[in-house]
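# Architecture at a glance
Chain by chain, the residues run as shown.
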Amino acid sequence: AVGHRFSHKRFLHHQCIEQEITDKDTIFLDASTASYMIAKLIVKNNKDVTLITNMLEISSLIPENCKTNFIFIGGDYNPFVGGSIGSHSIAQIKQYRCTKAFIGCTGISLADGVVSTALSEDAYTKSAIMSISKELYIVTLNEKFQTTGSFIFANISDFNAIITESQPEKSILKLLGEAYITLI
């Protein structure tokens with residue numbers, strides 16, 4: 001799933017890394033294709049950050065002599081999510097504090113601001129990540145504005161900004177503006 005929609009995600013995360021991730025940040029990347037692409041850019045740019053993640057696949061990106069400090073969250077690995085989720089992971093997550101977290105989602109409902117995912121344990125894990133982070137970013141494709149998942153983990157008003165691959169259609173922009181949501 002990591003290669004899925006590579007060109008859109010590549011643009012999306014290049015924009016994200018340049019604007020939002022600065023040296024000395026402690027960031028959390030949740031288990032998602034978006035997070036993998038952000039991690040690739042962090043490594044490529046040799047960012048001096050601490051990167052915490054529950055996505056084990058990111059470990060394959062670590063080069064020798066890298067300024068980035070990596071911390072991996074363990075627990076029950078879920079192949080659908082591509083990372084560790086659930087109570088063991090949440091207990092570990094709560095031992096840290098982050099300056100920024102980048103979180104993927106299954107869907108965003110602009111009617112009520114609900115941000116959702118497909119699995120309950122993933123929703124709880126994302127909530128734990130949010131609880132330890134100063135700044136929160138949803139990283140998603142525009143198509144997620146018209147999709148919903150079964151398990152709510154946040155409201156769009158909980159996030160500092162939404163990062164997408166391109167500017168959404170005008171009706172979505174209008175609703176985001178009415179909710180005072182920053183779009184990157």
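Going by the structure above, here's the rest.
Okay, so let's go over this structure. These numbers come from a predicted model, not from an experiment.

### What to know about unusual backbone geometry
The backbone of N46 sits at a positive phi, close to 50 degrees, despite the residue not being glycine. Its location among the elements puts N46 in the loop between α2 (33-44) and β2 (50-53). Relative accessible area serves as the criterion here: at 27%, N46 is assigned to the partly exposed category. At Y180, a residue that is not glycine, the phi angle is positive and equals roughly 60 degrees. With respect to the helices and strands, the residue Y180 is situated in the segment after α5 (170-178).

### With respect to the packing of aromatic side chains
As enumerated under the stated definition, the model contains 2 aromatic pairs in all. Pairing F102 with Y137 gives two aromatic rings, centres 5.0 Å apart and planes at 15 degrees, and the pair type is stacked. Of this pair, F102 sits in strand β6 (residues 98-103) while Y137 sits in strand β9 (residues 133-139), and the two are 35 residues apart along the sequence. With respect to burial, F102 and Y137 carry one shared label: buried.

### Some words on the sheet that holds strand β10 (residues 151-155)
Taken in spatial order, the 3 strands of this open sheet run β7-β8-β10, and their pairing is antiparallel. The outermost strands of the open sheet, each flanked by one partner alone, are β7 (107-108) and β10. Alignment of strand β8 (residues 114-117) against β10, held across 4 bridges, turns out to be antiparallel. Its bridge partner lying in β10, T117 is registered against F151.

### What to know about the pattern of salt bridges
Counted by the stated rule, this structure contains 5 salt bridges. Between D25 and K100 there is a salt bridge, with the nearest N and O atoms lying 2.8 Å from each other. One end of the pair, D25, is in the loop between α1 (6-20) and β1 (26-29); the other, K100, is in strand β6, with 75 residues separating them in the sequence. One exposure class covers both D25 and K100, and it is buried. Two residues, K174 and E178, come together in a salt bridge whose shortest N-O distance is 2.9 Å. You can see K174 and its partner E178 sitting in helix α5, 4 residues apart, about one turn around the helix.

### What to know about the environment of T99
With respect to the element layout, T99 can be found in strand β6. Assessed through its relative accessible area of 25%, T99 is described here as partly exposed. Taking the C-alpha atoms as reference points, T99 and E135, 36 residues apart in sequence, are found 6.0 Å from one another. Those residues in contact with T99, other than ones at most four positions away along the chain, are D25, T26, K134 and E135.

### Some words on α2
For α2, spanning 12 residues, the distance from its first C-alpha to its last is 17 Å, which sits close to the expected 16 Å at 1.5 Å a residue. Along α2, 10 of the 12 residues are buried, which leaves the element largely enclosed by surrounding structure. Within α2, burial applies to T33, A34, S35, Y36, M37, I38, A39, L41, I42 and V43. After α2 finishes, the residue N46 shows a positive phi value of roughly 50 degrees.

### Concerning the sheet that holds β9
Pairing between the strands of a sheet is mediated by backbone hydrogen bonds and can be parallel or antiparallel. Spatially, 6 strands are ordered β3-β2-β1-β6-β9-β11 in an open sheet, and the strand pairing comes out parallel. Because the sheet does not close on itself, it has two edges, and the strands there are β3 (69-72) and β11 (161-163). The sheet shows a mean angle of 25 degrees between the axes of neighbouring strands, taken without regard to direction. As defined by bridge partners, β1 adjoins β2 across 4 bridges and the pair is classed as parallel. Bridged to L29 within β2 is T53. The strands touched by α2 are β1, β2, β3, β6 and β9; relative to β1, the strand with the most contacts, the crossing angle is about 145 degrees.

Procedures and definitions
Residues numbered from 1 in each chain as written. Predicted model: local features only at pLDDT ≥ 70, side-chain atom pairs only at ≥ 80, totals over all residues. Heavy atoms only, no water. Helix = DSSP H or I, 4+ residues; strand = E, 2+ residues; numbered from the N terminus. Buried < 20%, exposed > 50% of the residue type's maximum accessible area, 1.4 Å probe, protein only. Phe/Tyr/Trp six-rings, centres within 6.5 Å; stacked < 30°, edge-to-face > 60°. Pairing = 2+ DSSP bridges. Salt bridge = Lys/Arg side-chain N within 4 Å of Asp/Glu carboxyl O. Contact = heavy atoms within 4.5 Å. Expected span 1.5 Å × (residues − 1). Axes fitted to C-alpha atoms, helices over the stretch in contact; angles between N-to-C directions.

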